[in-house]
Amino acid sequence: EDGWVQNKVNLVVDIKKEWHKIYDEAWQLQKDIFYNPELTHDINWDNIYKKYKHLVDRASTRNELNDILYEMQGELKSSHAYVYGGDFNFNYNIK
């Protein structure tokens with residue numbers, strides 16, 4: 001009666017495909033809309049893409065993927081490029 005559909009959803013995620021998508025989108029965003037285009041005029045973004053892309057297959061955790069993204073964005077030589085988020089398990093039962 002309230003309009004909500006109650007349903008259990010089983011979802012299977014191919015982590016490697018997801019990580020490749022994350023890498024592709026992070027690269028594309030930096031390439032297309034980095035905040036200061038004057039800093040990127042000497043950067044060959046296609047080469048940067050190839051330089052780090054193969055490492056995504058070697059990542060075994062989301063934290064390792066974030067490290068790859070940090071390295072890729074480090075090519076900007078800017079202190080204003082960040083990586084946020086991810087699948088982290090935090091243990092809040094700290095004693």
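Undergrad: What should I look at first to understand a nonpolar patch on the surface in this one?
TA: A cluster of nonpolar side chains, Val9, Leu11, Val13 and Ile15, forms an exposed patch at the surface whose accessible area comes to about 400 Å². For Leu11, a relative accessible area of 70% gives the class exposed.

Undergrad: What exactly am I supposed to notice about helix H2 (residues 45-53) here?
TA: For H2, the full list of buried residues reads Trp45, Ile48, Tyr52 and Lys53. Buried positions in H2, seen along its axis, are confined to an arc of 120° and lie on one side of it. Buried residues in H2 make contact with helix H1 (15-33) and helix H3 (62-74). For H2, the N-terminal capping position is held by Asn44, with its side-chain oxygen 3.1 Å away from the main-chain nitrogen of Asp46.

Undergrad: I tried to follow H3 on my own but got confused; where do I start?
TA: One full turn of an α-helix is made of 3.6 residues, so residues set three or four places apart face in the same direction. For H3, with 13 residues, the first-to-last C-alpha span of 18 Å sits near the 18 Å given by 1.5 Å per residue. Where H3 is buried, its residues meet H1 and H2.

Undergrad: I keep staring at the environment of Leu76 and nothing clicks. Help me out?
TA: Within the fold, Leu76 resides in the segment after H3. For Leu76, a relative accessible area of 4% translates into the label buried. Counting along the chain gives 33 residues from Leu76 to Ile43, while the straight-line C-alpha distance between them is 7.7 Å.

Undergrad: Please clarify how the packing of aromatic side chains should be interpreted in this entry.
TA: Scanning the entire structure with this criterion turns up two aromatic pairs. Consider the rings of Tyr23 and Tyr49, whose centres lie 5.5 Å apart with planes at 55°: the pair is tilted. Here Tyr23, found in helix H1, pairs with Tyr49, found in helix H2; they are 26 residues apart in sequence, far enough to count as distant. What makes Tyr23 buried here is its relative accessible area of 0%. The partly exposed category is assigned to Tyr49, whose relative accessible area is 21%. Members of the aromatic cluster, joined through ring pairs, are Tyr23, Trp27 and Tyr49.

Here is what the cut-offs are and how they apply
Residues numbered from 1 in each chain as written. Predicted model: local features only at pLDDT ≥ 70, side-chain atom pairs only at ≥ 80, totals over all residues. Heavy atoms only, no water. Patch = residues over 30% accessible without salt bridge, like charges linked within 9 Å, V, L, I, M, F, W, Y side chains within 5 Å. Areas by Shrake-Rupley, 256 points an atom, 1.4 Å probe, with all protein chains shown as cover. Salt bridge = Lys/Arg side-chain N within 4 Å of Asp/Glu carboxyl O. Buried < 20%, exposed > 50% of the residue type's maximum accessible area, 1.4 Å probe, protein only. Helix = DSSP H or I, 4+ residues; strand = E, 2+ residues; numbered from the N terminus. Arc of directions from axis to C-beta. Contact = heavy atoms within 4.5 Å. Polar contact = N/O pair within 3.5 Å; in protein donor to acceptor, adjacent residues only side chain to side chain. Expected span 1.5 Å × (residues − 1). Phe/Tyr/Trp six-rings, centres within 6.5 Å; stacked < 30°, edge-to-face > 60°.

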